[in-house]
Amino acid sequence: MTMTESAPEAQAAAGEAPVVEAYTGLTDLVTTGDHKSIGMMYVRLALVFAVGLLGLGAVVGFEAADLTGAAIFTSTDQAFQFW
């Protein structure tokens, strides 16, 4: 059997620092197989969608609101007389 990599004990004995992979870009993050990274991406995307839906719901709610009965001044004369 051929070994293509040295065992971790051999690396530690040789004094080499362990190799830690860091994400360097969006491509590395999207193409990962790490379950923790995938879970964090899922949570972040869910939060982005939740904020977007809340914003969209607020806009639709304001648009659908009937504000004709909430007029404080019914004419411009009343507004000027108030001040």
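Structural data are supplied above this passage.
Description of the structure in this document.

Parameters at a glance
Residues numbered from 1 in each chain as written. Predicted model: local features only at pLDDT ≥ 70, side-chain atom pairs only at ≥ 80, totals over all residues. Heavy atoms only, no water. Helix = DSSP H or I, 4+ residues; strand = E, 2+ residues; numbered from the N terminus. Buried < 20%, exposed > 50% of the residue type's maximum accessible area, 1.4 Å probe, protein only. Areas by Shrake-Rupley, 256 points an atom, 1.4 Å probe, with all protein chains shown as cover. Expected span 1.5 Å × (residues − 1). Patch = residues over 30% accessible without salt bridge, like charges linked within 9 Å, V, L, I, M, F, W, Y side chains within 5 Å. Salt bridge = Lys/Arg side-chain N within 4 Å of Asp/Glu carboxyl O. Polar contact = N/O pair within 3.5 Å; in protein donor to acceptor, adjacent residues only side chain to side chain.

Moving on, we come to the overall build of the protein chain. A tally of regular secondary structure across the protein chain gives four helices and zero strands. When the elements of the protein chain are put in sequence order from the N terminus, they spell out α-α-α-α. In the protein chain, which comprises 83 residues, the proportion classed as buried is 2%. Here the protein chain has roughly 7900 Å² of accessible surface; of this, 67% comes from carbon and sulfur atoms.

The next thing to look at is helix α3 (residues 35-64). In this model α3 runs 43 Å from its N-terminal to its C-terminal C-alpha over 30 residues, within 8% of the 44 Å that 1.5 Å per residue would give. The buried fraction of α3 is low, at one of 30 residues.

Taken together, the side chains of Tyr 42, Val 43 and Leu 47 present a nonpolar region at the surface, about 350 Å² in accessible area. One can find Leu 47 in helix α3. Under the relative-accessibility criterion, Leu 47 is labelled exposed at 53%.

Attention now goes to the side chain of Thr 32. Along the chain, the position of Thr 32 falls in the loop between α2 (26-30) and α3. A distance of 3.1 Å separates the side chain of Thr 32 from the backbone nitrogen of Asp 34, its partner in a polar contact.

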